[in-house]
Amino acid sequence: MRRALEVAVTGPPVDDGVSTDVDDVPVGAVLYGPDGTELATGRNERELTGDPTAHAEVLALRRGAERTGRWRLDGCTLVVTLEPCTMCAGALVLARVSTVVFGAWEPKTGAAGSLWDVLRDRRLNHRPEVYGGVLEAETATVLRAFFR
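Below is a summary of the structure that appears in this document. (Residues numbered from 1 in each chain as written. Predicted model: local features only at pLDDT ≥ 70, side-chain atom pairs only at ≥ 80, totals over all residues. Heavy atoms only, no water.)

Below, the discussion takes up unusual backbone geometry. The phi dihedral of Arg-96 falls on the positive side, at around 65°, and the residue is not glycine. One can find Arg-96 in the loop between α4 (86-94) and β4 (99-104). (Helix = DSSP H or I, 4+ residues; strand = E, 2+ residues; numbered from the N terminus.)

This next bit is on the environment of Ala-65. Mapped onto the elements of the fold, Ala-65 is located in helix α3 (residues 56-68). C-alpha separation for the pair Ala-65 and Leu-78, spaced 13 residues apart in sequence, amounts to 13 Å. Excluding residues that lie within four positions of it along the chain, Ala-65 makes contacts with Arg-70, Trp-71 and Leu-73. (Contact = heavy atoms within 4.5 Å.)

Let us now look at the side chain of Glu-57. With respect to the secondary-structure elements, Glu-57 resides in helix α3. An unpaired buried charge is present at Glu-57: no salt bridge exists, and Arg-46, the closest side chain of opposite charge, is 8.9 Å distant. Those residues in contact with Glu-57 that sit more than four places away from it in its chain are Ala-29, Leu-78, Val-80, Leu-82, Pro-84 and Cys-88. (Buried < 20%, exposed > 50% of the residue type's maximum accessible area, 1.4 Å probe, protein only. Lys, Arg positive; Asp, Glu negative; His and termini not counted. Salt bridge = Lys/Arg side-chain N within 4 Å of Asp/Glu carboxyl O.)

Bringing the nonpolar core into the picture now. Within the largest apolar cluster, 28 residues are counted, with the highest numbers of intra-cluster contacts made by Leu-78, Val-97 and Leu-119. Elements supplying a minimum of two residues to this core: β1 (28-32), α3, β3 (77-82), α4, β4 and α5 (136-147). If you look at the next biggest cluster of nonpolar residues, it comprises six residues, including Met-1, Ala-4, Val-30 and Val-101. (Core = buried A, V, L, I, M, F, W, Y, C linked by side-chain atoms within 4.5 Å.)

Right, let's talk about the packing of helix α1 (residues 2-10) against α5 for a bit. Where α1 contacts α5, the axes come no closer than 11 Å and their chain directions differ by 5°. As summarised for this structure, α1 and α5 are arranged roughly parallel, according to the angle between their axes. When α1 is examined against α5, the residues Arg-2, Leu-5 and Val-9 are found in contact with a partner set consisting of Glu-138, Thr-139 and Val-142. Taken together, the residues that form the contact of α1 with α5 break down as three nonpolar, one polar and two charged. (Axes fitted to C-alpha atoms, helices over the stretch in contact; angles between N-to-C directions. Parallel < 35°, antiparallel > 145°, perpendicular 65-115°, else oblique. Nonpolar A, V, L, I, M, F, W, Y, C, P; charged D, E, K, R; others polar.)

As a further point, take the pairing of strand β2 (residues 38-43). The buried fraction of β2 is high, at five of six residues. Summarising the sheet, β1 and β2 pair through five bridges and their orientation is antiparallel. Residue pairing across strands places Tyr-32 opposite Glu-38, the latter belonging to β2. (Pairing = 2+ DSSP bridges.)

Over its 12 residues, α5 extends 17 Å from the first C-alpha to the last, a length consistent with the 16 Å expected when each residue adds 1.5 Å. Buried residues along α5 sit in contact with α1, β3 and β4. (Expected span 1.5 Å × (residues − 1).)

So, about the packing of α3 against α4. With their axes 9 Å apart at the nearest point, α3 and α4 run at an angle of 25° to one another. In terms of orientation, α3 and α4 fall into the roughly parallel class. Crossing handedness for the pair α3 and α4: left-handed. For the pair α3 and α4, the contacting residues are Glu-57, Val-58 and Leu-61 in the first and Met-87, Cys-88, Ala-91 and Leu-92 in the second. Tallied by class, residues from the contact of α3 with α4 come to six nonpolar, no polar and one charged. (Left-handed = near helix turned anticlockwise from the far one by under 90°.)

Listed below in structure tokens is the structure:
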């Protein structure tokens, strides 16, 4: 989770010749392979790219799939600083991620136990293990500071 917090706060370097002072919500995600190696990271880039799907989790999944050459990320663990929304939870299920670890709970849009529980819905064909509230105070502090 500390690595995901680092990604949330610093974000990936952007070398596009344009100012990188963009106010995306500081959510960071790290995808780890089955052996624990870091495969990919993602930080919210909706404002930066103008892409409504550019959430930290989705970007980490895309980059991880590209790096491994396969869309099935079974055996992988995604660590993210904020509880995934329904879009991200759906992507995690479809990618067959084995474990999801998140920091702060999101009572307004959370889909890993707060508002919905997409990740553990028994009607779906894949259900990752879910661990919520990891370093919750630290991850929530970063988000609160952003919204002040």
